Amino acid sequence: MNAYLSSVIENVKKKHSDEPEFVQTVEEVFSSLEPVIERHPEYEKADLLNRMVEPERMFTFRVVWMDDAGKYHTNIGYRCQFNGALGPYKGGLRFQANVNPSIIKFLGFEQTFKDSLTGLPIGGAKGGSDFDPAGKSDAEVMRFCQSFMQALYRYIGPDVDVPAGDMGVGGREIGYLFGEYRRLKGAFENGVLTGKGFSFGGSLIRPEATGYGAVYYLQNVLAHEGEDIKGKTIAAAGFGNVTWGICQKAMQLGAKVVTLSGPDGYIYDPDGVATQEKVDYLLEMRASGRNKVKDYADKFGVEFHAGEKPWGIKVDVIMPSAMQNDVHMEQAKQIAANGVKYYVEVANMPTTNDALKFLMEQPGMVVAPSKAVNAGGVAVSALEMSQNSERLFWTAEEVDAKLHGIMKTIYTMSVEAAEKYGLGYNLVAGANIAGFLRVADAMMAQGIF
Ligand code: 2IT
């Protein structure tokens, strides 16, 4: 490998040995950049890569809240404003018990390249808390969100940093966070958060955007192979917002999602999550707060596999849409042995680096990376910011048409970037390179810091 690239990776490994997810994502992204660094000696001269792996700013804050029994709890809040070269920092908030600096940083780094890839004016950020929303009452969630925003509001704003949802943060949480921001600022700056309710500036199609965008991206991948989505079977994971959007759009286009997963195991529905009743039931499952995918099996009388992952099922398309590092080498081997042709990542970094490399080396397998596939979510967030600053709203059809176009552009830019740097048809490297180049250009132009 190029000496400069390997020295940066070694540096990151040494400095961040206690942050495995962050090291993993840096290695994954930078392993695509060899031909770029060789062709652009100016990047090494400006030590661009060592600057890029250091967040512009990252902070933690104390979040104290009272539960319904009057007991106090203290959580850690995080915001990592990773790279602002392309626009206001933009990225979600994750509320999950396992949130730590490594996870926030890996997500912020990924977000920087993903946001770049959308072609829209947004920088990269991520944040969240180790707050566990499971089993919390509505009032407890509200008090937590209010306390979280009291600590964060000085450091965000429509032109500064615009958080959104991620795991554990949906429309309800964004509503409470926005209410508290408005109260503290004494101003209606609704461009400060995205994923809002429609009545106070949310964008139509934002709840669907990540899942719909993923399926639009898949359509581009299939078209390249001369295939159509109609009749395809898809293995997905999770049953939250993103997977719901995938099921809905796949159903509309004549494909079917046959697996879902949760912390308790996975379900296999050979007929597919492909009726409106079934798709709508995912919303009920999520709203119940039970966090059990077995509920689906009980309701519709399909197989439930306790404690297992769905990656052993023979399908046309695998879409890991639940969480990071969900697919390890063992599952990757099973996927290859099953002769699956399309491996389309959806969750942020759902594949370990060795498993991803293995899958990309399988002859005939097409691998698509999450930072491109799931970028429709943040892209529509950027469209929400545009609508807020213009004080108007676009129809669902208008937003959907823009999302469709953006996903096509992301796909095309990725294909072209890989080709330009001599890597052939490589969607993973292409997304990394295209995302990198836009950030690199902006950083080079803005001087050394
Ligand atoms: O991972 C992601 O892109 C998100 N959680 C959405 C970020 C956003 O600002 O809409």
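In the block above lies the structure referred to throughout.
Reading guide: rules and limits
Residues numbered from 1 in each chain as written. Predicted model: local features only at pLDDT ≥ 70, side-chain atom pairs only at ≥ 80, totals over all residues. Heavy atoms only, no water. Core = buried A, V, L, I, M, F, W, Y, C linked by side-chain atoms within 4.5 Å. Buried < 20%, exposed > 50% of the residue type's maximum accessible area, 1.4 Å probe, protein only. Helix = DSSP H or I, 4+ residues; strand = E, 2+ residues; numbered from the N terminus. Contact = heavy atoms within 4.5 Å. Phe/Tyr/Trp six-rings, centres within 6.5 Å; stacked < 30°, edge-to-face > 60°. Pairing = 2+ DSSP bridges. Axes fitted to C-alpha atoms, helices over the stretch in contact; angles between N-to-C directions. Near = heavy atom within 4 Å. Polar contact = N/O pair within 3.5 Å; in protein donor to acceptor, adjacent residues only side chain to side chain. Areas by Shrake-Rupley, 256 points an atom, 1.4 Å probe, with all protein chains shown as cover. Nonpolar A, V, L, I, M, F, W, Y, C, P; charged D, E, K, R; others polar. Parallel < 35°, antiparallel > 145°, perpendicular 65-115°, else oblique. Left-handed = near helix turned anticlockwise from the far one by under 90°. 1 Å grid on protein atoms, 1.4 Å probe; cavity = no way out; pocket = protein on both sides within 12 Å on 5 of 7 lines; lining within 4 Å. Points joined across faces, edges and corners; volume = space filled by probe spheres on them.

Engineer: I keep staring at the nonpolar core and nothing clicks. Help me out?
Structural biologist: Within soluble globular proteins, side chains that are nonpolar tend to cluster in buried spots. Membership of the largest hydrophobic core comes to 99 residues, with the highest contact counts inside it found for F30, Y217, Y296 and F436. Residue contributions to this core peak at 10 residues, all from helix α18 (residues 427-445). Apart from the residues lying within four places of it in its own chain, the contact partners of F436 are L33, V36, I37, Y43, L48, L49, M52 and F113.

Engineer: When you look at the packing of aromatic side chains in this model, what are you seeing that I'm missing?
Structural biologist: Aromatic ring pairs are reported here in terms of the distance separating the ring centres and the angle at which the planes meet. Under the criterion given, the structure shown has 23 aromatic pairs. On the numbers, 6.1 Å between centres and 85 degrees between planes, the contact of F95 with F131 is edge-to-face. In this pair, F95 is assigned in strand β3 (residues 89-95) and F131 in the loop between β4 (123-129) and α7 (138-152), connecting sequence segments 36 residues apart. Note on F131: relative accessible area 1%, which makes it buried. Between F178 and F188, the aromatic rings sit 5.5 Å apart at their centres with planes inclined by 85 degrees, giving edge-to-face as the arrangement. In this pair, F178 is assigned in helix α8 (residues 171-185) and F188 in the loop between α8 and α9 (206-224), connecting sequence segments 10 residues apart. Note on F178: relative accessible area 3%, which makes it buried.

Engineer: Can you help me understand the sheet that holds strand β6 (residues 233-236) in this one?
Structural biologist: Adjacent strands of a sheet form backbone hydrogen bonds with each other and so pair up, either parallel or antiparallel. Pairing is mixed in the open sheet, where seven strands are placed in the order β9-β8-β7-β6-β10-β11-β12. Every interior strand has two partners, whereas the edge strands, β9 (303-306) and β12 (366-368), have only one. Averaged over all adjacent pairs, the angle separating strand axes in this sheet is 15 degrees, with direction ignored. By the bridge criterion, three bridges tie strand β11 (residues 342-344) to β12 in an arrangement that is parallel. Within the sheet, the bridge partner assigned to Y342 lies in β12 and is V366. Sheet strands in contact with helix α10 (residues 241-252) are β6, β7 (256-262) and β10 (317-319), and its direction is about 165 degrees off that of β7.

Engineer: For this particular structure, what's the right way to read the sheet that holds strand β5 (residues 161-165)?
Structural biologist: Strand order across the open sheet formed by five strands is β1-β2-β4-β3-β5, with mixed pairing between neighbours. Only two strands of the sheet have a single partner each, and these edge strands are β1 (57-66) and β5. Averaged over all adjacent pairs, the angle separating strand axes in this sheet is 20 degrees, with direction ignored. The sheet contact formed by β3 and β5 spans five bridges and is parallel. Considered in β5, the bridge of L93 is made with G165.

Engineer: Please explain the environment of N2 as it appears in this structure.
Structural biologist: Tracing the backbone through its elements, the reader meets N2 in the segment before α1 (3-15). A relative accessible area of 9% means that N2 is categorised as buried. Here the alpha-carbon distance between N2 and S288, two residues 286 residues apart in the chain, equals 51 Å. Leaving out residues up to four positions away in the same chain, N2 has contacts with E34, I37 and E38.

Engineer: Is there a simple way to explain the site of the ligand in this structure?
Structural biologist: Taken together, 13 residues sit near the ligand, with K90, K114, K126, D166 and S381 positioned nearest. A distance of 2.7 Å is found between an oxygen atom of the ligand and a side-chain nitrogen or oxygen belonging to K114. Within the backbone of G165, one N or O atom sits 3.0 Å away from a nitrogen atom of the ligand. Protein contact buries 93% of the 300 Å² of open area that the ligand shows by itself. Elements with a minimum of two residues in the shell around the ligand: β3, α6 (101-117), β5 and α16 (375-390). With three residues, the single largest contributor to the shell around the ligand is β3. Within the shell around the ligand, the residues separate by chemical class into two nonpolar, six polar and five charged.

Engineer: Just to check I follow, could you spell out the packing of helix α13 (residues 329-337) against helix α14 (residues 353-361) for this structure?
Structural biologist: The contact between α13 and α14 brings their axes to 8 Å, and the two run at 15 degrees. Here α13 lies roughly parallel to α14, going by the angle between them. Helix-helix and strand crossings are classified by hand; for α13 and α14 the assignment is right-handed. Contact with α13, carried on its side by M329, A332, K333, I335 and A336, involves D354, A355, F358 and L359 of α14 and no other residues of that element. Class assignment of the residues belonging to the contact of α13 with α14 gives a composition of seven nonpolar, no polar and two charged.

Engineer: For this particular structure, what's the right way to read empty space enclosed by the protein?
Structural biologist: Remark: the empty space left among the atoms is shown by a probe the size of a water molecule rolled over them. Here the structure, examined in full by the defined rule, presents one cavity of 30 Å³ or more. Considering only enclosed or pocket space, the largest cavity measures out at about 110 Å³ in volume. Around the largest cavity sit T25, E28, E110, E345, M349, T351, N353, L356, P369, S370, K371 and V428, which together line it. Taken together, the elements giving at least two residues each to the lining of the largest cavity come down to α2 (20-30), α14 and α15 (370-373).

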